[in-house]
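# Notes for the structure review
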Amino acid sequence: MKRTLFSMLIMLCTVSIWAQKPIKAQIKVEGEPELSRLYIQVGESGKYGKFKAEEVIEGKKGKFSYTTQADKIVPARLKRESGDNASYMTIILVPGEELRLTVKGEEYFYDGAKVYKDCRKADDTLTPIYKELIDYYNKITERLSGLSEEEYKKVLKVCQDTLAMKSEAFEKAAEEYARTNGDSEGAVLFLYNFMDVDTLYSLAGREIQNGRVGEFLKSRIAYMNEQRELIEKQEREAQAKLDAMQGAPAKDFTLNDINGNPLSLSSLRGKYVILDFWGSWCGWCIKGIPDMKKYYEKYSDRLQILGVDCNDTEQKWKDAVEKYELPWLHVYNPRTSTVLADYNITGFPTKIVIDPQGNVVKVIVGEDPAFYTYLDELFSK
């Protein structure tokens with residue numbers, strides 16, 4: 001009995017030792033001969049979304065060698081600068097496989113073991129299509145910068161269809177590549193950054209699904225499901241707090257208006273007030289401006305809108321008010337303010353309707369047509 005137990009312990013130790021496999025990476029950063037240090041954060045095995053402490057990779061003339069061990073495929077964050085806020089590129093480390101990575105600016109290219117060579121093949125096939133999409137998007141962004149609201153809408157309308165076509169072309173190309181190369185570990189690993197992971201897993205071959213790449217994909221799927229559940233829970237809790245506000249007195253606050261003068265919420269009593277929590281960075285906030293203008297003009301004799309700018313610099317806030325010609329009242333909410341917490345604001349835009357007596361009567365999160373339907377019903381009484 002003792003001998004059998006001893007044999008089992010030896011076997012378990014042997015399995016533990018051999019479960020860890022070496023990962024060797026040769027990294028070449030082109031065009032940066034003075035670069036002598038990189039930083040890397042390796043993902044924790046089997047815990048997608050969690051990363052180990054940052055490590056330093058020393059090198060010379062843009063050439064680096066890195067060695068670690070893992071028992072499962074893990075993502076890693078490769079950075080030129082240290083710190084949690086530094087920009088990074090996500091690479092994949094496969095146990096027992098040697099990686100030769102070439103970095104050019106913000107791009108990187110796999111080579112080395114077969115799994116990485118297959119990554120490179122997928123890269124060579126799909127990246128030109130992806131770059132065409134990104135280049136077009138960047139051109140649109142540059143072209144839209146500084147336009148008036150009317151010009152912005154015209155240019156965006158012209159460009160949207162082309163952008164959608166290019167985006168759809170890349171999605172179709174990626175899905176077709178997954179369908180025809182679903183038995184290639186490298187192809188599937190490359191695509192995991194560009195496709196819905198559930199779809200990618202379903203298109204992978206049976207051996208891939210049951211092997212190390214399938215295990216990696218499943219860990220990411222599990223992580224995404226956990227995050228989705230967490231977000232849904234947070235949204236339910238936030239909505240419950242918002243619902244509890246309805247019927248309660250609106251908490252007063254004083255913030256500086258567009259001219260730098262203090263403006264208090266309580267000074268607006270006597271009319272319905274809409275608190276519009278927004279920001280120049282918020283796409284849906286900007287998208288809702290035309291309807292906000294229309295309803296402000298329609299009911300200006302009975303309501304006042306108070307735009308509360310959030311998570312902006314003062315200059316960006318003022319520029320946006322001028323650019324979009326927003327005719328209502330505006331205040332700037334600095335990051336040191338407690339107004340967002342006082343009103344349980346977690347999403348943008350959020351619109352809070354306050355009656356003439358200062359009580360909250362309606363809270364709507366997002367750019368929802370229901371908000372304008374509510375105003376029509378409210379003022380038709």
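These numbers come from a predicted model, not from an experiment.

## What to know about the overall build of the chain
Each helix and strand counted, the chain has 12 helices and 15 strands in total. With the C-alpha coordinates aligned to their principal axes, the bounding extent of the chain is approximately 85 × 60 × 40 Å. Buried positions account for 41% of the 381 residues belonging to the chain. Look at the contacts in the chain between residues 6 or more apart in sequence, and 62% of them connect residues 24 or more apart.

## A word on the environment of valine 42
Within the element layout of this structure, valine 42 appears in strand 2 (residues 37–42). The sequence separation of valine 42 and leucine 78 amounts to 36 residues, and the corresponding C-alpha distance is 8.7 Å. Excluding its chain neighbours within four sequence positions, the residues that come into contact with valine 42 are Phe51, Lys52, Glu55, Tyr66, Val74, Pro75, Ala76 and Leu93.

## Points about the state of the cysteines
Following the criterion strictly, the structure yields one disulfide and no others. A sulfur-sulfur distance of 2.3 Å marks the disulfide that ties cysteine 282 to cysteine 285. Taking the sign of the torsion about the S-S bond as the criterion, the disulfide between cysteine 282 and cysteine 285, at about 80°, is right-handed. For the pair formed by cysteine 282 and cysteine 285, the shared burial category is buried.

What counts, and at which threshold
Residues numbered from 1 in each chain as written. Predicted model: local features only at pLDDT ≥ 70, side-chain atom pairs only at ≥ 80, totals over all residues. Heavy atoms only, no water. Helix = DSSP H or I, 4+ residues; strand = E, 2+ residues; numbered from the N terminus. Buried < 20%, exposed > 50% of the residue type's maximum accessible area, 1.4 Å probe, protein only. Contact = heavy atoms within 4.5 Å. Disulfide = S-S within 2.5 Å.

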